[in-house]
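Listed here are the chains, written in short residue letters.
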Amino acid sequence: MVSLEPQVARLVDELAQYHGHRTLWLDRRGYLCHAEPEDDFEDIGYQYVATLLKPTGDELRATITHFTARRAARVGACPVPGAFHMHPVPVLMAI
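Rules used in this analysis
Residues numbered from 1 in each chain as written. Predicted model: local features only at pLDDT ≥ 70, side-chain atom pairs only at ≥ 80, totals over all residues. Heavy atoms only, no water. Pairing = 2+ DSSP bridges. Helix = DSSP H or I, 4+ residues; strand = E, 2+ residues; numbered from the N terminus. Axes fitted to C-alpha atoms, helices over the stretch in contact; angles between N-to-C directions. Contact = heavy atoms within 4.5 Å. Phe/Tyr/Trp six-rings, centres within 6.5 Å; stacked < 30°, edge-to-face > 60°. Buried < 20%, exposed > 50% of the residue type's maximum accessible area, 1.4 Å probe, protein only.

Some details on the sheet that holds strand S3 (residues 47-52)
Spatially, S2-S1-S3 is the arrangement adopted by the three strands of the open sheet, whose pairing is antiparallel. For this open sheet the edge positions go to strand S2 (32-35) and S3, each flanked by a neighbour on one side alone. Recorded for the sheet is a direction-independent mean angle of 30 degrees between the axes of neighbouring strands. Pairing analysis gives five bridges linking strand S1 (residues 22-26) to S3, with the strands arranged antiparallel. Within S3, the position partnered with Arg-22 by the bridge is Leu-52. Contacts from helix H2 (residues 57-75) reach S1, S2 and S3, with the element oriented near 155 degrees to S3.

Focus on the packing of aromatic side chains
Under the definition given, this model contains three aromatic pairs. A ring pair is formed by Trp-25 and Tyr-48, whose centres lie 5.7 Å apart and whose planes are at 75 degrees; its orientation type is edge-to-face. In this pair, Trp-25 is assigned in strand S1 and Tyr-48 in strand S3, connecting sequence segments 23 residues apart. Note on Tyr-48: relative accessible area 37%, which makes it partly exposed.

If you want it as structure tokens, here you go:
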């Protein structure tokens, strides 16, 4: 299983740089990325994960665990948080 700790730490650092909420998406390749809350990427095959405001590591881990459990229930697989790739974490908007 892939360790989530380095990816969670990187996401916490990245999301802390923003003053407002950020929306997490799982792209078609299995990477987590973040964007402005008003951006919608379902039309291009991304799955909505959550909208967060400067999450802590614990909050982010809980969010990812909850998302993977919901996703596994829909597709009928075992929920394994490390089953999708989480690095690098691309940003969907220009910096």
